[in-house]
Amino acid sequence: LLLSGDAAKALTLGLQAIDALRSNSCDYTEIIANAYYTVARAYARTGDKNDSILYLENAISEDKKYADMAANEPDFAIVKDKSRFKGLIKFKGSGT
């Protein structure tokens, strides 16, 4: 959905997926991290800088590889100049 340009629908489904995965007792760390990252991208596409960075922080806290990915992700162009974003990217290359 995000790739097709429907950021709002991707956002809704991504948030629902995060809630569902968090309520499950299994370890879905990678899936949750990816859902956070996708939601962060969707928020960026809708122009919501604060929530974009918030969900990116969550993705990176789950898996540091998302810092590398975010550094090169065009969707985050609207937040690349923000100090919070720059602070997150400092983890770039540190792995998990």
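Calculation notes
Once a new chain begins, its residue numbering starts again from 1 and follows that chain's sequence as written. In keeping with the predicted nature of the model, local features appear solely for residues at pLDDT of at least 70, side-chain atom pairs appear and are counted solely at 80 or more, and the whole-chain, interface and lining totals rest on all residues. Computation of side-chain values covers all heavy atoms of the structure but excludes hydrogens and water. Secondary structure counts use DSSP, requiring at least four H or I residues in a row for a helix and at least two E residues in a row for a strand, with both numbered from the N terminus. An expected span of 1.5 Å times one less than the residue number is assigned to each helix. Accessibility here uses a 1.4 Å probe with only protein chains present; expressed as a share of the type maximum, an area under 20% marks a residue as buried, one over 50% as exposed, and anything in between as partly exposed. In what follows, a contact means two residues having at least one pair of non-hydrogen atoms within 4.5 Å. Orientation is described by lines fitted to C-alpha atoms, with helices fitted over the stretch in contact, and by angles between N-to-C directions that extend from 0 to 180 degrees. Working rule for angles: under 35 degrees goes down as roughly parallel, over 145 as roughly antiparallel, 65 to 115 as roughly perpendicular, anything else as oblique. Crossing handedness follows the turn of the near helix against the far one: under a right angle anticlockwise gives a left-handed crossing, and clockwise gives a right-handed one. Amino acids outside the nonpolar list (Ala, Val, Leu, Ile, Met, Phe, Trp, Tyr, Cys, Pro) and the charged list (Asp, Glu, Lys, Arg) are all regarded as polar, and Gly is one of them.

Caption draft 1: Expanded view of helix α2 (residues 29-46). With 18 residues, α2 extends 26 Å from end C-alpha to end C-alpha; this agrees with the ideal 26 Å at 1.5 Å per step. Here α2 has its buried residues at Ile32, Ala33, Ala35, Tyr36, Tyr37, Val39, Ala40, Arg41, Ala42, Tyr43 and Ala44. For α2, the secondary structure elements touched by its buried residues are α1 (7-22), α3 (49-62) and α4 (65-71).

Caption draft 2: Up close: the environment of Ile89. With respect to the helices, strands and loops of the structure, Ile89 is situated in helix α5 (residues 83-89). Sequence separation between Ile89 and Ala70 is 19 residues, and the spatial gap between their C-alpha atoms is 7.4 Å. What Ile89 contacts, discounting residues up to four positions off in sequence, is Ala67, Ala70 and Ala71.

Caption draft 3: Summary view of the packing of α1 against α2. At a minimum axis separation of 9 Å, α1 and α2 run at an interaxial angle of 155 degrees. On the basis of their axis angle, the class for α1 and α2 is roughly antiparallel. Seen along the crossing, α1 lies across α2 with a hand that is left-handed. Residues Ala7, Leu11, Gly14, Leu15, Ile18, Leu21 and Arg22 of α1 lie in contact with α2, whose contacting residues are Ile31, Ile32, Ala35, Tyr36, Val39, Ala42, Tyr43, Arg45 and Thr46. Residue classes in the contact of α1 with α2 are distributed as 12 nonpolar, two polar and two charged.

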